[in-house]
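Take a look at the letters that make up each chain.
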Amino acid sequence: MGSLGRRLGRGPAKYSAAALVWRGLRGGQWPRIWRDAELKRSYDAVIVGGGVHGLATAYYLARNHGIKDVAVLDKAYLGSGASGRNTAIVRANYLTPEGVAFYDRSLQLYNTMATDLNINVMFSERGHLTLAHNDSSLRTMHWRAEVNKLQGVDSSVIGPDEIKKVAPSLDTSSHPRYPILGALYHPPGGIVRHDAVVWGYARAADCMGVEMHQKTEVLDILCEGGDGTDGKGPGGRVVGVRTSRGDISTPVVVNCTAGWASLISAMAGVRLPITTHPLQAAVTEPVKVFLPTVVVSGSLHVYISQTDRGELVFGAAVDPVATYSIRGSLEFTEELAGHVLELMPGVSRMRLLRQWSGLCDMTPDYSPVMGFTGVDGFLVDVGWGTYGFKAAPVSGEQMAEAVATGRTPELIAPFALSRFDTGELVGEKGAAAVGH
Amino acid sequence: MTMGRLGNAQPTEVIDRGAKLSFRWNGKRFGGFEGDTIASALAAAGEQVFSRSMKYHRPRGILTADYWDPNLLVQVGDDPNVRAGHRRLEAGMEVSAQNVWPSLRRDIKAANGLVGRFLTAGFYYKTFMRPARLWPAYERVLATFAPGGKIDLDTPHRYHDKRYMHPDVVVAGAGPAGIEAALAASADGARVLLVEHEHAVGGHLRYDSRDTAVAALAELRAALDASDVEVLTDSTVTGRYEDNWLGIVQRSHPVAVERLIKARAKTLVVAPGLIERPYVFAGNDRPGVITSTAARRLINLWGVKPGERAVVFTANADGDAAAADLDRAGVEIAAVIDGRQGHRVSSTQGSPRAVEAVVSGGNRIEADLLVVAAGWTAPTSLLNMAGDRPVYDPPAARFFAADPPGNVLATGGLAGDGTLDELRAHGAATGRLAAQRAAAVAHRLQALTARAQPVGGEEPPWAPDDRIPLGRDPHPELYRSDTHGMVDFSEDVGSKDLMAAAGEGYDSVELAKRYTTATMGPSQGKLETVNTVAAIAEARGETIAAVGTTVWRPPYAPLTLGALAGRGFEPVRVSSIQPWHEANGVHTILAGQWIRPDHYGDPAAEVRNVRSNVGLIDVTPLGKLDLRGPDVAKLLNLLYTNKWSKLPVGKVRYGMMCAEDGVVLDDGVTGRLGDEHYLMTTTSSGAGGVWEWVENWLQTERPDWRVHVTPVTTAYTSINVAGPKARELVSRVTDGVDLSPEAFAYMEVRTATVAGVAGCFMWRIGFTGELSFEIHVPAGCGLHVWEALMDAGDDLGVGPFGLEGQRIMRLEKGHFIVGQDTDGLTLGPSTGLGPLIKLDKDDFAGKPELAWAVGRPLPMIVAIQPDDPNIVPAEASQIVAGDTNQILGRITSSRMSPTLGRSICLGQVEPELAAGGTKLTVLLTTGERVGATVMDHHAHFDPTGERLRG
């Protein structure tokens, strides 16, 4: 990071214990994490969406490909969407070899992120338990474990006695409705401080010259030569972006939004097969740490982790109804609490502190849409459903490569938009939908 | 001792000095009175320190003396984070301080205060990165700083209840305005629920000992008692959701630990009053610095003298009233610092309790109590949840309701200021408006319901808001003094932290909140949000209005998971035959919601008995849908991949369903019972999902089709009679049906009387490969028919068999199970049932994807036999390419076959390996690799099906 700072010739912004002490003694103010820049009239590339995907893309564009004249636009503040609303779980124990390879790369990048970006993203490699409450889910756990083992991913099925050792708060006694018969145990899985990932990418990208523009809403994407109105649509090319702060000319626009992906893409005349559903989550008041791992139950539609601050963080499945409304519901908290107490009756006196909701862009095959779109210069990294956070680093890396080289990297080729025309859907439904 | 109980009873006190209670605090015995809170009893006993702050472990005392007091979170028995400022004292309570070690008095982590300047907000993002291998150790240390109490994992899920209500008007908050609103609405004929957060109604009148206040409260209470208003105290409206759907937690309930009330209010009146805001200055978190409300509550509610010598910093009339209360309680007033005159408090000094206050101009005043009245925060949460975005008014120095939806009305402090009479009048006007609008909403709702009684009369007009608005008292904007102090007491975040964060670029409220964690603790921003906004505004050089506030999300007050979960209904289902199973040594297995027989001791013996004699299996969980109407055949054509138009009455047919992505969704048989009457069966696990699937198609895609769907899974007990002697057995108990193979062939259905029970459906199908009759008996008679079959077949060797026996036999026959041998990726043709996919049909679910799949190489389900007949590869064993790790398939089902005396499997393999005779390598879960062979047929046994057609 010292090297990052030097590239821009900026002062010693390096984060370290020594720097904390030095500033503590001197009483000095830390430099801004990213600059407040004037919005220019032209950029080499514009990224729509200042979440983890957009910022990671910007970072890798600058770092791996030297493309630094980049603006990241967000209509609110950085990390205001799904990046700051997810439950921050990462793992690589997927079901298909393709899924395992993709997410394993992401996990590797998370693993070294603190030192790569010189910000402590607090990756807590605490292990990840996916519980099986019936013999059919136990069979699926065995399947995942066998595939994972062959891919070199640390993952195995453990029985109730061992589960009790890993997470003593789980009720492994005989239980009529949801007995805990076993679990897929994935020691490398864990949680990451999601906001720190946002800030880390933004800060590192900023150091290399990328500009972050908050409260800058994209109103239209300017195209020419396309089949549709105003030169939009297939066959056309991107020439600029109209924002709430004025027009920008650029040959490349990358749509890295979640929740608004289909609306932004429509601005370029690109239709996406996406429906948007809210996903709710909630957090309790803190208590002393008692839950050392991430616990997921597919049958009970719940995933639970306890932060280092002592709060239990809960998530669930997406709401069944497609809507852009992100108001939470009472029923969600009732069902959630009921399910949590099935698993851990001992927490009945813990208090729910806050509930919230975020938007998930769901595709028909539970896989993202990545890469080129038929409109020259308009790329998408969207449709991330409920699993976008886990994939952010590798997505950014691959999208940056696509922008820089003009070719689709092999790792994301299966996720091309064209698959919805050719019918070659990705078999990730089983892989990605198995839970968090 | 500086705090203590006042000798003389106060006119407004809520304690019963005749009823002494004994409890323990940190292991030591203490006493209190009935009516005390935990905090008031401890304060009366002279306790000054109740907790330690989260990060620096600074000693903390009473701040607000109510539910929102961030310093009064304690452990009571197995209950963590109990609000000692609110929870009533009970005899025998075991109360202890949280998150201190070794003790509250001597807490080792207080040493953090010495290095506080290095531990600025968010410091952890900037360190502990190298060496990376030490981070887990750092993390463990950081985790010890988690605040809060302790969970006792043995805490039982005690009895919690739920209640549903449909009141016309819900009033949240029973201060004078709220009570008047409830009374007025009730007088106008509305059914009214009045919800009060505290233990009694009255709001701020409760701790106002002036004669006018005492008289007014008595009058309001009497009026409430005489009214039809339902009053809930110690209860909170925790959330307002779509269409005034309210969550209300009732903490004091005679039977349940807590009760969650779910109410659909036609109108909601929001009247929570105001919450006093702390003032930010150095040492504002020292014990002895309290809000004016806290001082008045301590004196007037519990007769507690909060100190000996006080400095009062006041910027409003309530602060003046506090000074008067203190004086009356015998507290020496060392100084009154008037914020309205521009005077300020700068800092306090002393340890742990404030012993010296420094005021503007540098004057130092000795005191042990600093009472602060610096302004008010409007708890606008419920308005926020209704979509309102409250607006900051600088002259009044607080936020006000902006423009809530018409069925949400604010009154009291959220609406403005005024004399007691003005507040009461505004409340009453609000109640009348709420009742009028509720009547209009009721009329609309009734008119919406199709089959309801015809709505009489005209819809009442939507009453205009003609309330006389309350005024707004001017108030100085007091947020931070000339020093830095604590903003978020729960999270130990100071104004310096916030301003530093803003300077570092976290300069919107949301970013600063996320970076510093300010407003994210248990008091949920009630005390600290506006001070947080003020600090950001100051750092940015902007106004509070420009910075704006964060979005308040539900719940308004934290509520327990127990209350939300309620009684924890997770029912299991059993068939009507379960008593017989239990009496006969059953080993059960959980399948979805069902508990069903897995076996009765020896599944292999059960298999041999079915293959040689006859067996009975309880298949009640099989999904069953009764379909009636002229368009059923069209529906079946749409849902199944094969054709149904020509199915005659009396026949059954097997069908496979695919989802729209072509993936196998379910399978089963459907029989035609009459011209327009069919019975569809689904897999047991798919019963609920298929019902939803059917309804989804009918309701959203084909609403014009006339099909009536009734799920009848539990209306019938289903028994399969299987084995070579099945016909003989069934004939002994059946009347009215010719069971001969000529008259009742394989894949046919009849209605029969079985064991005297009329109206049974019987069809000849089976999963076991044997001659089978599946009998669907009206559920109430299921046990009778089962026992009749058992009795009648004694000489035939009849015996029960369970799921495991059936699984073995179906595997011997090579029948796949959806969800076991198929998965979320398995397209229809992969099952080997390609001929059942009729692409020449007009349309059916999954057709485009299945058409795309034609001719493409797909993984296939095949029968596999290991070369070593004694090796049973575990299900999920991978099929690999020789010695490599390349995956070519997997074993999906495997068993030792009692019939064949060898191991048998089904598996999925890559298309090039699907031909019979192909040699495979199976990687066992032990790591060993063994050889296996793909079979020519799915069926390992009786591939031509002679036995089941017999």
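Residues numbered from 1 in each chain as written. Chains lettered and ligands numbered in written order. Predicted model: local features only at pLDDT ≥ 70, side-chain atom pairs only at ≥ 80, totals over all residues.

Helix and strand content of chain A: 13 helices and 19 strands. Taking 436 residues into account, the globule formula puts the C-alpha radius of gyration at 22 Å, and chain A, at 22 Å, falls close to it. In terms of overall dimensions, chain A has a C-alpha envelope of 65 × 65 × 45 Å along the principal axes. (Helix = DSSP H or I, 4+ residues; strand = E, 2+ residues; numbered from the N terminus. Rg over C-alpha atoms; globule rule 2.2 N^0.38 Å.)

Looking at the assigned domains, one finds that chain B contains domain 1 (4-105 + 278-373), domain 2 (161-274 + 382-448), domain 3 (479-563), domain 4 (578-810) and domain 5 (855-950). Placing the centre of domain 3 of chain B and that of domain 4 of chain B at their C-alpha centroids yields a distance of 63 Å. (Domains from an automatic or database assignment.)

With 82 residues of chain B in contact, the opposing surface of chain A contributes 78 residues. No other element matches helix H13 (residues 561-565) of chain B, which puts 4 residues into the side of chain B that touches chain A. Its residues assigned to classes, the side of chain B that touches chain A shows 36 nonpolar, 24 polar and 22 charged. With 2 bridges joining them, strand E17 (residues 351-362) of chain A and strand E32 (residues 559-560) of chain B adopt antiparallel strand pairing. Bridged to Leu352 of chain A within E32 of chain B is Leu559 of chain B. (Contact = placed C-beta atoms within 7 Å. Nonpolar A, V, L, I, M, F, W, Y, C, P; charged D, E, K, R; others polar. Pairing = 2+ DSSP bridges.)

This paragraph deals with the sheet that holds strand E15 (residues 259-264) of chain B. Residue and element names in this part refer to chain B. Reading across from one edge, E9-E15-E14-E13 is the order of the 4 strands in this open sheet, with mixed pairing throughout. The sheet terminates laterally at strand E9 (161-165) and strand E13 (235-241), the two strands that pair on one side only. For this sheet the average axis-to-axis angle between neighbouring strands, irrespective of direction, equals 20 degrees. Pairing analysis gives 6 bridges linking strand E14 (residues 245-250) to E15, with the strands arranged antiparallel. Within E15, the position partnered with Gly247 by the bridge is Lys262. (Axes fitted to C-alpha atoms, helices over the stretch in contact; angles between N-to-C directions.)

Another aspect to go through is the confidence of the model for chain A. Looking at chain A as a whole, its pLDDT mean stands at 91, while 95% of the residues score no less than 70. When the criterion is pLDDT under 50, residues 429-436 of chain A qualifies, and its contacts beyond four places in sequence or with other chains add up to 29 contacts. (pLDDT = per-residue confidence, 0-100.)

We now examine the packing of helix H9 (residues 495-503) of chain B against helix H10 (residues 509-516) of chain B. Residues and elements named next belong to chain B. The geometry of H9 relative to H10 is characterised by a closest axis approach of 10 Å and an angle of 120 degrees between their N-to-C directions. Between H9 and H10, the angle falls in the class oblique. Every pair of crossing elements has a handedness; the one defined by H9 and H10 is right-handed. Touching Asp497, Leu498, Ala501 and Ala502 of H9 are Ala512, Tyr515 and Thr516, all from H10. The residue makeup of the contact of H9 with H10, split by class, is 5 nonpolar, 1 polar and 1 charged. (Parallel < 35°, antiparallel > 145°, perpendicular 65-115°, else oblique. Left-handed = near helix turned anticlockwise from the far one by under 90°.)

Now for the domain arrangement of chain A. Residue and element names in this part refer to chain A. Per the domain assignment, the segments making up chain A are domain 1 (39-124 + 190-274 + 363-436) and domain 2 (128-189 + 277-359). For domain 1 and domain 2, the distance between their C-alpha centroids amounts to 28 Å. Taken residue by residue, the interface counts 24 residues in domain 1 and 26 residues in domain 2. Only strand E3 (89-90), helix H4 (97-111) and strand E7 (190-191) provide two or more residues apiece to the side of domain 1 that touches domain 2. Counting residues per element, the side of domain 1 that touches domain 2 draws most heavily on H4, which supplies 4 residues. Taken together, the residues that form the side of domain 1 that touches domain 2 break down as 11 nonpolar, 10 polar and 3 charged.

Let's shift gears to the pairing of strand E25 (residues 369-373) of chain B. All names here are of chain B. Among the 5 residues that make up E25, 5 are buried, leaving the element largely enclosed by the rest of the structure. On E25, burial covers both faces: Leu369, Val371 and Ala373 on one face and Leu370 and Val372 on the other are all buried. With 3 bridges joining them, strand E18 (residues 289-291) and E25 adopt parallel strand pairing. Considered in E25, the bridge of Thr291 is made with Val372. Inspection of the sheet shows strand E20 (residues 309-314) paired to E25 by 5 bridges, in the parallel sense. Residue pairing across strands places Ala310 opposite Leu369, the latter belonging to E25. (Buried ≥ 20, exposed ≤ 12 C-beta atoms within 10 Å, placed from the backbone.)

What follows is about the environment of Asp735 of chain B. By the secondary structure assignment, Asp735 of chain B is in strand E42 (residues 734-735). Considered as a pair, Asp735 of chain B and Ile261 of chain B are 474 residues apart in the sequence and their alpha carbons are 55 Å apart.

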